[in-house]
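# Survey of secondary and tertiary structure
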Amino acid sequence: MIKYFDPTSLKQLKTPVIICVGNNDTLLATAVGNIPFLFNVGSSVKKGVVMDVLYCSDITTTLVSVSQLNACGNRVILDRPDSHIVHKPSGRTVARMHLTRSGLFCLDASPHPSKVFISLAMSLQSLDINDLHRRLGHLAFDECKKLVYRGLIEGVDALHRWQDLCPGCIEGKIHQAPFHISNSVTVNKLHRVHSDLAGPFPFSVHGCKYFVIFFNEFSKKLWVYFMARKSDMLAKFMEWKAMVELQLGCVLQEFQSDNGCYGMIKSKYANQDYN
Ligand SMILES: [Zn+2]
């Protein structure tokens, strides 16, 4: 586990090391460092450090290679119940082992991280790339990766998780193009009328949830009608149309709206040519 490593020794490997284990599985080691241990040496407990331990996030058990121990000047004696490791130059026993039920030899040792080590090691754990992206003020994901892999962010050695779509960045990139300048001109009192329907809203004191507006482009006059149901829109339109055509003495020529209003009116006035 990464928290057992001495954080001052932990380094990310530029090229991950592939480790083959007994059941033909392959594991990927991504960092290397030293682990401080307390070793049972029989009569007492001694502090020691296992150097250059490969960190592999897929396994929680630390495996020790006998050939590596040998190469570092140790004699490994596997002779239960007296299995132990002897430091050849000094002839001292540096660790003891016991045989587990599963048939593996287990070091009589426990990791010995200090409190300082633990807090530092926690900060060295890999960071969610999406968190880093937000913490750096929505910096581009590629730039976040470059900063980490070049070791430019202290305390972050690796990134994990896939980058998600960031709602903030997407909204920030949406832009509103300017409206085109219109050349259309209204030349008589009911040339063109614009309409829109809004709702549902909480019930008004008169039990209405919707309203519809009619805006006369020529006079800039606005009418508002409140409705209990959306389907009342057509009746309001007919009421309004009869009123304005009578008052102004002319016929409505163009009606502009979105699908909500226009659909209802179009089905009613299928024979008339409202644009
Ligand atoms: Zn973002």
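Right above here is the structure, for reference.
So, here is what we can say about the structure in this document. (Residues numbered from 1 in each chain as written. Predicted model: local features only at pLDDT ≥ 70, side-chain atom pairs only at ≥ 80, totals over all residues.)

## Some points on the overall build of the protein
From N to C terminus, the protein includes 7 helices and 14 strands. In the protein, which comprises 275 residues, the proportion classed as buried is 14%. In the protein, the proportion of contacts linking residues at least 24 apart, taken out of those at least 6 apart, comes to 48%. (Helix = DSSP H or I, 4+ residues; strand = E, 2+ residues; numbered from the N terminus. Buried ≥ 20, exposed ≤ 12 C-beta atoms within 10 Å, placed from the backbone. Contact = placed C-beta atoms within 7 Å.)

## Observations regarding the nonpolar core
Membership of the largest hydrophobic core comes to 14 residues, with the highest contact counts inside it found for Ile-35, Phe-37, Tyr-55 and Ala-95. Sort the elements by how many residues they give to this core and strand β2 (residues 26–40) lands first, with 4 residues. Judged by nonpolar contacts, the second largest core, of 6 residues, contains Leu-190, Phe-214, Leu-252 and Phe-255. (Core = buried A, V, L, I, M, F, W, Y, C linked by C-beta atoms within 7 Å.)

## Re the environment of Phe-218
As for its position among the elements, Phe-218 is in the loop between β12 (210–216) and β13 (222–227). Using a count of 15 C-beta atoms within 10 Å as the deciding quantity, one classes Phe-218 as partly exposed. With 25 residues separating them in the primary sequence, Phe-218 and Val-193 have C-alpha atoms 8.2 Å apart. Beyond its immediate chain neighbours, meaning those up to four positions away, Phe-218 contacts Thr-186, Asn-188, Lys-189 and His-191.

## Remarks on the sheet that holds strand β5 (residues 83–87)
Pairing is antiparallel across the open sheet formed by 4 strands, whose spatial order is β4-β5-β6-β7. The two strands at the open ends of the sheet, each matched to only one other strand, are β4 (74–77) and β7 (105–107). Strand-to-strand twist in this sheet, taken as the mean axis angle between neighbours without regard to direction, amounts to 25°. Judged from the 3 bridges that link them, strand β6 (residues 92–99) and β7 form a sheet pairing that is antiparallel. (Pairing = 2+ DSSP bridges. Axes fitted to C-alpha atoms, helices over the stretch in contact; angles between N-to-C directions.)

## Some points on the sheet that holds strand β11 (residues 192–198)
If you trace the 4 strands from one edge of the open sheet to the other, you get β13-β12-β11-β14, paired in mixed fashion. Single-partner strands in this sheet number two, and they are β13 and β14 (254–256). Across the sheet, the axes of successive neighbouring strands diverge by a mean angle of 20°, strand direction being ignored. In this sheet, β12 lies alongside β11 in antiparallel orientation, the contact comprising 6 bridges. Each residue of the ladder has a partner; that of His-194, found in β12, is Phe-215. Each of β11, β12 and β13 touches helix α6 (residues 233–248); the most contacted strand, β13, lies at about 145° to it.

By themselves these figures say nothing about function.
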